[in-house]
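If you want the building blocks of each chain, they are given just below.
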Amino acid sequence: MSPEDLALILPDMKHSKKSIAYDLIHRWLGSGLLTSYGTHWQVRRKILTPAFHFSILQDFILTFNESTEELVELLKKEVEKPPKFYEERKLIKLLHNFTNDIIAKRRKDFHQGIVASQKKKRLAMLDLLLTVQKEEGIIDDEGIREEVDTFMFEGHDTVSSAINFALMVLANHPTVQEEIVQEMKDVLGDTKKKPVYNDLQELKYMERVIKEVLRLYPSVHYISRELGEDMVTTTGYKLRKGTILQLHIYDLHYNPVIYPEPEKFDPDRFLPENCDKRHPYAYIPFSAGPRNCIGQRFAMLELKAVLCGILSNFTLQPVDTPESIVMVEDIVLRTKENIKVKFVPREM
Ligand code: HEM
C-alpha cells in the first residue's frame with residue numbers, strides 16, 4: 001500500500017503484465033486493452049489513444065449533460081419520497097402505542113387486584129415487572145415498555161420464522177409428519193384434545209423434529225459480540241480487545257464435520273445417544289452461556305402447541321421446497337418470498 005512501492009511497479013513496463021487475478025474476466029473480455037500485454041497491448045493502445053483526444057472529448061459534453069439531467073430528475077423523485085427516518089419514527093410510534101396499550105390495560109387489572117401477587121407465586125412477565133415496580137421501584141414506566149417491546153419482538157419474530165420453516169419441512173417429509181401425528185394420538189388419545197403442559201413435554205419425537213428445523217433454519221442466524229479482552233482462538237488467530245465478532249450460528253449448524261450431510265433433514269441427529277457425542281456448543285439456536293435465550297422453553301412449548309393444532313386439522317403438502325426458497329438475512333432468518341404450503345383438511 002505504500003506510494004514508494006507503487007512507484008517501483010507501475011511506471012516500469014517490465015511489470016506491465018496483468019496477473020492471474022484477471023483470468024476470471026478473460027473469457028468475457030478476451031485480449032482487450034484491459035487484459036492484454038506486450039506488443040498486442042501496445043498496438044491496441046496506439047489505435048485507441050486518439051479516441052480520447054481533447055477534440056473528441058469536447059463532443060461528449062452534450063451527452064454527459066443530457067444524461068446527468070435524466071439522473072438528476074430520478075434523484076429529485078427519490079428525494080421527494082419521505083426519508084426513512086420519518087418512516088421509522090412513524091412505525092416505532094405505532095409499536096410503542098401498541099405496547100403502551102397492553103401495559104395500561106394490565107396495569108388497570110393489576111390495581112384492581114385481579115393479579116394475585118403473593119410473594120411465593122411466580123408471575124408472568126408483565127405482572128412481575130409491575131409488581132417489582134410497585135414493591136421495589138427499581139424499574140420505571142419506560143423500562144417496562146422497553147422490556148415488553150423486547151419480548152414482543154424476540155418472542156414473536158423468532159417463533160413465527162420457526163413455524164414457517166417447520167411447516168415447509170413437514171410438508172416435504174410426509175412420513176415425518178405422520179410419525180408426529182401418531183405420537184400426538186399416543187400422547188393425547190383423542191387428538192382433538194388441546195394439549196396441556198405435560199402432554200407437550202411428552203412429545204419427544206416432535207421435539208427432535210423442531211430441533212432439527214432450528215438446526216437447518218435457526219431463526220437467529222448469527223449473533224455478535226465485542227471482545228472484552230485480547231484472546232487467541234483455538235486455531236491460533238490473535239484477536240484484540242474491542243474486535244467485533246460475528247458468531248455464525250447458521251454456518252455452525254451446517255458444518256459437515258459435526259453434521260454429516262448437513263443439508264439433509266434428519267431428526268435422529270437429536271436422539272439422546274447422538275447428542276451425547278456432540279460438543280455442547282455445536283448446536284446453539286438459542287445461543288449458550290449466561291446470555292442465552294431466556295424464552296427458549298417458552299418457544300419450544302409454543303412451537304409444539306402450534307404444530308399440534310395445525311397437524312390435528314390439516315395434512316401439509318409441499319408447494320415450496322428447501323431448494324425453491326431463497327433465504328434473506330434479516331435480524332431474523334427469513335425468505336425472499338412467503339413460503340407456500342398446501343393445507344388439506346384432515347379427519348383424525
Ligand atoms: C425459536 C424461537 C427463538 C429463538 C431461535 C431464539 C433465539 C435467541 C438467541 C440466539 C438469543 C441470543 C441473542 C444474542 O446473543 O444477541 C436470544 C436471546 C433472547 N431471547 Fe430468544 N429465541 C427464541 C424465542 C424467544 C422467546 C419466545 C422469547 C420470549 C418470550 C425470547 C426472548 C429472548 C430475550 C429477552 C433474549 C435476550 C436475553 C439476554 O440477553 O439476556 N426468545 N434468543
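As annotated in an unreviewed UniProt entry, the protein chain is Cytochrome P450 4c3-like Protein from Tribolium castaneum. Quoted verbatim from the Cofactor (unreviewed entry) heading of the UniProt record, the comment on the protein chain is "heme".

**Some details on the coordination of the iron atom of the ligand**
Reference values for coordination geometry: four tetrahedral donors around a metal ideally subtend 109.5 degrees, six octahedral donors ideally subtend 90 or 180 degrees. Binding of the iron atom of the ligand to the protein goes through E154 (OE) and C293 (SG), at separations of 2.3 to 2.7 Å. Each of the six donor atoms bound to the iron atom of the ligand contributes to angles spanning 81 to 175 degrees, and the resulting shape is octahedral. Of the two residues, E154 is situated in helix α7 (residues 141–172) and C293 in the loop between α12 (272–276) and α13 (296–311); the sequence distance between them amounts to 139 residues. Classification of C293 by relative accessible area gives partly exposed; the value is 24%.

**So, the site of the ligand**
Near the ligand lie 19 residues; those nearest to it are E154, T158, R225, R291 and C293. In this structure, R225 approaches the ligand through a side-chain N or O atom, which is 3.1 Å from an oxygen atom. Counting atoms within 2 Å of the grid points, the majority share of the ligand lands in the largest pocket. When residues of the shell around the ligand are traced back to their parent elements, those giving at least two are α7, β1 (222–226) and α13. Here the element with the most residues in the shell around the ligand is α7; it accounts for five residues. The class makeup of the residues in the shell around the ligand is ten nonpolar, six polar and three charged.

**Quick notes on the layout of surface pockets**
Approximately 1,200 Å³ is the volume found for the largest pocket. Lining the largest pocket are 35 residues, with E154, G155, C293, I294 and G295 positioned closest to its centre. Listing elements by their share of the lining of the largest pocket, those giving two or more residues are α7, β1 and α13. Top contributing element to the lining of the largest pocket by residue count: α7, with ten residues.

**Looking at the side chain of S219**
Tracing the sequence through the fold places S219 in the loop between α10 (204–216) and β1. With residues up to four places along the chain from it excluded, the contact list for S219 reads T158, S161, A162, L214, I331, V332 and L333.

**So, the pattern of salt bridges**
By the definition in use, this model includes 15 salt bridges. With its nearest N and O atoms 3.1 Å apart, the salt bridge here joins R107 to D141. One end of the pair, R107, is in helix α5 (residues 84–111); the other, D141, is in helix α7, with 34 residues separating them in the sequence. Residue classification places R107 among the partly exposed residues on the basis of a relative accessible area of 21%. The salt bridge partner of E212 is R269, with a shortest N-O separation of 3.0 Å. Of the two residues, E212 sits in helix α10 while R269 sits in the loop between α11 (249–253) and α12, which places them 57 residues apart along the sequence. Comparing E212 with R269, the two get one shared label, buried. Salt bridges sharing common partners tie together D157, D330 and R334.

**Some thoughts on the packing of α7 against α10**
Here α7 crosses α10 at 110 degrees, and the two axes come no closer than 10 Å. Classified by the angle between their axes, α7 and α10 sit roughly perpendicular to one another. In this structure, α7 uses A162, F165, A166, V169 and L170 to contact α10, whose residues at the interface are V209, V213 and L214.

**As for the packing of aromatic side chains**
Here the structure, examined in full by the defined rule, presents six aromatic pairs. Taking the centre distance of 5.3 Å and the plane angle of 75 degrees together, the rings of F85 and Y86 count as edge-to-face. Judged by its relative accessible area of 47%, Y86 is partly exposed. Between F165 and Y217, the ring centres sit 4.4 Å apart and the planes meet at 0 degrees, which makes this aromatic pair stacked.

**Some thoughts on a negative patch on the surface**
A cluster of like negative charges, contributed by D140, E142, E146 and E147, occupies part of the molecular surface. Tracing the backbone through its elements, the reader meets E142 in helix α7. The exposure class assigned to E142 is partly exposed, which follows from its relative accessible area of 47%.

**Here's the deal with helix α8 (residues 174–188)**
An ideal rise of 1.5 Å per residue puts 21 Å on 15 residues; α8 measures up with 21 Å between its terminal C-alpha atoms. Packed against the buried residues of α8 are α7, α9 (197–202), α10, α13 and β5 (314–318). Of the residues flanking the end of α8, it is G189, one or two places downstream, whose phi is positive at about 65 degrees.

About the thresholds
- Residues numbered from 1 in each chain as written.
- Predicted model: local features only at pLDDT ≥ 70, side-chain atom pairs only at ≥ 80, totals over all residues.
- Heavy atoms only, no water.
- UniProt positions renumbered as here; feature names shortened; annotations may be inferred.
- Donors = N, O, S within 2.8 Å, 3.2 Å for Na, K, Ca; no water.
- Tetrahedral: all angles 85-135°; square planar, octahedral: opposite > 155°, others 65-115°.
- Helix = DSSP H or I, 4+ residues; strand = E, 2+ residues; numbered from the N terminus.
- Buried < 20%, exposed > 50% of the residue type's maximum accessible area, 1.4 Å probe, protein only.
- Near = heavy atom within 4 Å.
- Polar contact = N/O pair within 3.5 Å; in protein donor to acceptor, adjacent residues only side chain to side chain.
- 1 Å grid on protein atoms, 1.4 Å probe; cavity = no way out; pocket = protein on both sides within 12 Å on 5 of 7 lines; lining within 4 Å.
- Sits in = over half its atoms within 2 Å of the grid points.
- Nonpolar A, V, L, I, M, F, W, Y, C, P; charged D, E, K, R; others polar.
- Points joined across faces, edges and corners; volume = space filled by probe spheres on them.
- Contact = heavy atoms within 4.5 Å.
- Salt bridge = Lys/Arg side-chain N within 4 Å of Asp/Glu carboxyl O.
- Axes fitted to C-alpha atoms, helices over the stretch in contact; angles between N-to-C directions.
- Parallel < 35°, antiparallel > 145°, perpendicular 65-115°, else oblique.
- Phe/Tyr/Trp six-rings, centres within 6.5 Å; stacked < 30°, edge-to-face > 60°.
- Patch = residues over 30% accessible without salt bridge, like charges linked within 9 Å, V, L, I, M, F, W, Y side chains within 5 Å.
- Areas by Shrake-Rupley, 256 points an atom, 1.4 Å probe, with all protein chains shown as cover.
- Lys, Arg positive; Asp, Glu negative; His and termini not counted.
- Charge placed at Lys NZ, Arg CZ, Asp CG, Glu CD.
- Expected span 1.5 Å × (residues − 1).

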